[in-house]
Amino acid sequence: DDAARRCKRIGRVYVCDAVGVPEEQSMRIVERQRVETEAIFDVKWSYNRVLGKELVGLATADGNVSVYSADSQSNSNFLTRICAAERPASDDSMCCSIDWSNRLQSTDAPRIAASYSDGAVRILQLGESQLEVLDEWQAHDAEAWITSFDYWNPSVVFSGGDDSRLKGWDTRAKVDCSAPIFNLRRHQAGVCSVHSNFHRQHMLATGGYDDTVMVWDTRAMRRPLAETNVGGGVWRLKWHPTKPTQLLVGAMYNGFHVLDVSVDALSATELSPLPEGAAVSVDLRASFMEHESIAYGADWSQTPPDASSNEGWLVGTCSFYDHSVHLWRYSQRDEQ
């Protein structure tokens, strides 16, 4: 009703430092800044500096995409908002996810893909102090939970929706919403997460409310190369910053997991394109079950652990109703 539409969903960004406590062999989360916003569905750092600046994008419940600049020298004003996109045409549409185009191709004018609760997907381009809408189309018949670039070919955008559809789009010309590159209903429930493997060209991971992670060859999307049930809806997938086989999974009602996605024709460290027709297997390497509520946000630290120590890779995860953030380490022993 009208009252519900006028209801403001309150959110907040916390900027924190992860500080080691050597005598306790643990870490503390120390707050530096908090920024009041609308409720936040997604936060993603730009993968490369833009005009020399570290940038982060927010997808919020009022339908906005906002970009903030980071100043590492400031404690109280680490983040400063520099621009936002105009709201979508649908007044009550929420922005569900965003992604940056510049993972493998650095540019001073990156694009941002954004998906919305009314099923729309937008392509935005960042200028010096503005976000320009390049294209917008009706991608799904229900909430478009996720959108993501093919990092090897950023003209291609993937999207997943509550209509159980996984779709691919060519954005080089104005997108025809009736003519996606592919339109698949392999997942048995809503598609919530899509992530292109930026180490291995042509490899794509998807996940949905059907508790299933699927691995695809983007050149042959008729059927997945491999799939595995993780026991909970797959809200987030993140490939490891340096290890091409390691995939972090946020599995909603079944915690967080690290999967090993191995290719029979490639070694675990080989940074090569996915060979056509290769056999792919998926194995569980580690789980983190300390959250007491729905497992949602998850990401790897972008800073490698000290090579002289036995510490594993730092992972950050968060859950919903208990308002909880955990830092934990993925043991190097688990990577073998």
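These remarks concern the structure in this document. For every chain, the first residue of the written sequence is number 1, and numbering continues from 1 along that sequence. Confidence filtering applies because this is a predicted model: local features only for residues at pLDDT of at least 70, side-chain atom pairs given and counted only at 80 or more, and all residues used for totals across whole chains, interfaces and linings. The basis for every side-chain value is the complete set of non-hydrogen atoms in the structure, without hydrogens or water.

### Here's the deal with a nonpolar patch on the surface
Selection criterion: Patches draw on residues past 30% relative accessible area with no salt bridge. Two like charges within 9 Å are joined, as are two nonpolar side chains (Val, Leu, Ile, Met, Phe, Trp, Tyr) within 5 Å. All accessible areas in this document rest on Shrake-Rupley with a 1.4 Å probe, and a residue is counted as covered only by the protein chains that are shown. Criterion for a salt bridge: a side-chain nitrogen of Lys or Arg within 4 Å of a carboxyl oxygen of Asp or Glu. Helix and strand assignments come from DSSP, with helices taken as H or I runs of at least 4 residues and strands as E runs of at least 2, each series counted from the N terminus.
A contiguous nonpolar surface patch, about 250 Å² in accessible area, is contributed by Ile-29, Val-325 and Leu-327. Relative to the assigned elements, Ile-29 resides in strand β2 (residues 26-38).

### Observations concerning the side chain of Arg-111
As a reminder of what qualifies: For each residue, the accessible area found with a 1.4 Å probe, counting protein chains only, is set against the maximum for its type, and the residue is called buried under 20%, exposed over 50%, and partly exposed in between. His is not counted here, nor are the chain ends, while Lys and Arg score as positive and Asp and Glu score as negative. Any pair of nitrogen or oxygen atoms within 3.5 Å is treated as a polar contact; in protein, a donor-acceptor pairing is required on top of that, and neighbouring residues in sequence qualify only through side-chain atoms on both sides. We call two residues in contact whenever any of their non-hydrogen atoms come within 4.5 Å of each other.
You can see Arg-111 is positioned in strand β8 (residues 111-116). Although Arg-111 lies buried, it forms no salt bridge, and the closest oppositely charged side chain, Asp-170, sits 8.2 Å away as judged by the N-O distance. Separated by 3.3 Å, the side chain of Arg-111 and the backbone oxygen of Pro-154 make a polar contact. Once residues within four sequence positions are removed from consideration, Arg-111 is found in contact with Asp-99, Trp-100, Ser-101, Ile-123, Leu-124, Gln-125, Leu-134, Phe-149, Pro-154, Ser-155 and Thr-171.

### Quick word on the sheet that holds β8
By definition, the strands of a sheet pair up through backbone hydrogen bonds, in either a parallel or an antiparallel sense. Definition in use: For two strands to pair, DSSP has to find at least two bridges joining them. Only the contacting stretch of a helix is used when fitting its axis, a line to C-alpha atoms as for every element, and angles between N-to-C directions run 0 to 180 degrees.
Across the sheet, which stays open at both edges, the four strands sit in the order β7-β8-β9-β10 with antiparallel pairing between neighbours. Each edge of the open sheet carries a strand with a single partner, namely β7 (95-100) and β10 (131-138). If you compare each strand with its neighbour and ignore which way they point, the axes differ by 20° on average.

### Things to note about the sheet that holds strand β15 (residues 191-196)
Spatially, four strands are ordered β15-β16-β17-β18 in an open sheet, and the strand pairing comes out antiparallel. With one partner strand each, in any of the chains shown, β15 and β18 (226-229) form the two edges of the open sheet. Across the sheet, the axes of successive neighbouring strands diverge by a mean angle of 15°, strand direction being ignored. Sheet topology places strand β16 (residues 203-208) next to strand β17 (residues 212-217); five bridges connect them, and they run antiparallel. By the bridge assignment, Ala-205 is partnered in β17 with Val-215.

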